[in-house]
Amino acid sequence: MTPAARVQTAITILDEIGAGGPVEKALTGWARRSRYAGSKDRAAVRDHVFDVIRQRRSLAALGGGDSGRHLMIGLCRRTGVSPEDMFNAAPHAPAELSDAERAGGRAPLDGPEAADLPDWLWPEFSASLGDKAAKAAQVMQTRAPVHLRVNVARTSRERAIEKLAAEGIDCSPHPMASTALEVVEGARRVHQSEAYKSGLIELQDAASQAVVESLPLEPGMRVLDYCAGGGGKALALAAHAGVDVFAHDIAPKRMRDLPERASRAKAKVTVLSPGELDQAGKFDLVLADAPCSGSGSWRRAPAGKWQLTPARFEELLETQLQVIEKASQFTCADGAFAYATCSSLSAENSGRVNAFLDKNSGWELGFSQAWTVLDGADGFFVALLSRVL
Ligand SMILES: C[S@@+](CC[C@H](N)C(=O)[O-])C[C@H]1O[C@@H](n2cnc3c(N)ncnc32)[C@H](O)[C@@H]1O
């Protein structure tokens, strides 16, 4: 495919998404119908679509409208590609620019438009990030890096770097966690690599790893991952020698790949159904990686920021408090309870912890830490609580 044909394809997919179609469905539907497209074409089209969704508001301003065509004109302008070179009416390319399109578009206005956030969310976002808000929003317009977690139960970070390099995947250590690598070259080869298939590495953002690394893990502990989902954190916990890890989720189906992932990593994770959890006794450490807005990972899943509504946000805040109240009860008397989110919004983070502490005087805060995209990974938050003795 020519670069211009990729632009036209992205326009068609963006229009499908604009009409309410889910992003992945629109992309996989196109890929299935388009056997002529090679892997580089698919990757380029996918990148165009995600680049636009991340920056939809500011690109609509630059491109002069919010159709797929206007958004791609905006993307060309932002990335310094002359729109005339792409909109050239060659076979499979977009039609030539009209006079109105050529003259249209303007610089995005400071605030939520330039930051690519909905108006209603801007006050919460800017209050949460303070003087880092505009810079963080700018970073959120870019692609997320690819991070790996080295399974330190099986190999060292240095050995993993060597093994991956031998398979054409260049990585460097990431400063946020002693287990973390950033892929510099060859990210698309990770899934097919021996290092991945044999469980020496997992795909996991460095901030998720930093959360696990911040926890007071000791050999002999029973640890519960109360909101285990796909099990990323449960597996990172299980890489710690002598820690007995249990995984639970209100939607047990979300944990369906966990046994296979654990077997690949040669890690032991006991999956508990909600009924089994009630019979499982107390735990030395309970982690609740709660459902949240996902604002810290909107670079990876950018559709989330446009789908979030004030009502859904309020619902999440309520669920988070319920999760803290329920999950903390599984902590033994001298144990610790950790609350985490992949959000950079204070209402979901310190706001929830304070709401819990206000209602539960028997608990106190040990520490809390927030990472933002400016630290080079997803935005994340963790707070460690214990009972007042
Ligand atoms: C942020 S995701 C967890 C991600 C996971 N810890 C990981 O690292 O891959 C939040 C999970 O919480 C679960 N969840 C939502 N409400 C819950 C509740 N009331 N009790 C337990 N789990 C809940 C969701 O099903 C979802 O899988």
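Computed from a predicted model, the values in this text were never measured in an experiment.

Considerations on the overall build of the protein
Stage number 1. If you tally the helices and strands in the protein, you get 19 helices and 11 strands.
Stage number 2. Scaling as 2.2 N^0.38, a compact globule of 389 residues should have a C-alpha radius of gyration of about 21 Å, and the protein matches this with 23 Å.
Stage number 3. Out of the 389 residues in the protein, the part that is buried amounts to 53%.
Stage number 4. Once local pairs closer than 6 in sequence are excluded, the contacts in the protein between residues at least 24 apart make up 66%.
Stage number 5. Within the structure as shown, the protein displays about 17,600 Å² of accessible surface, and the carbon and sulfur contribution to it stands at 52%.
Stage number 6. Taken together, the 45 basic and 48 acidic charged side chains of the protein have centroids lying 5 Å from each other.

A closer look at the UniProt feature "active site" (unreviewed entry) in the protein
Stage number 1. Per the UniProt record, "active site" (unreviewed entry) is annotated on Cys 342.
Stage number 2. Locating Cys 342 in the fold gives a position in the loop between strand S9 (331–341) and helix H19 (350–359).
Stage number 3. With residues near it in sequence (within four places) discarded, Cys 342 still touches Cys 292, Gly 294, Ser 295, Gly 296, Ser 297, Gly 379 and Phe 380.

Things to note about the state of the cysteines
Stage number 1. With the rule as written, the count across this model stands at zero disulfides.
Stage number 2. Unpaired in this structure, Cys 332 has its nearest cysteine sulfur neighbour in Cys 227, at a distance of 19 Å.
Stage number 3. On the accessibility criterion, Cys 332 (16% relative accessible area) is buried.

Definitions and cut-offs
Residues numbered from 1 in each chain as written. Predicted model: local features only at pLDDT ≥ 70, side-chain atom pairs only at ≥ 80, totals over all residues. Heavy atoms only, no water. Helix = DSSP H or I, 4+ residues; strand = E, 2+ residues; numbered from the N terminus. Rg over C-alpha atoms; globule rule 2.2 N^0.38 Å. Buried < 20%, exposed > 50% of the residue type's maximum accessible area, 1.4 Å probe, protein only. Contact = heavy atoms within 4.5 Å. Areas by Shrake-Rupley, 256 points an atom, 1.4 Å probe, with all protein chains shown as cover. Lys, Arg positive; Asp, Glu negative; His and termini not counted. Charge placed at Lys NZ, Arg CZ, Asp CG, Glu CD. UniProt positions renumbered as here; feature names shortened; annotations may be inferred. Disulfide = S-S within 2.5 Å.

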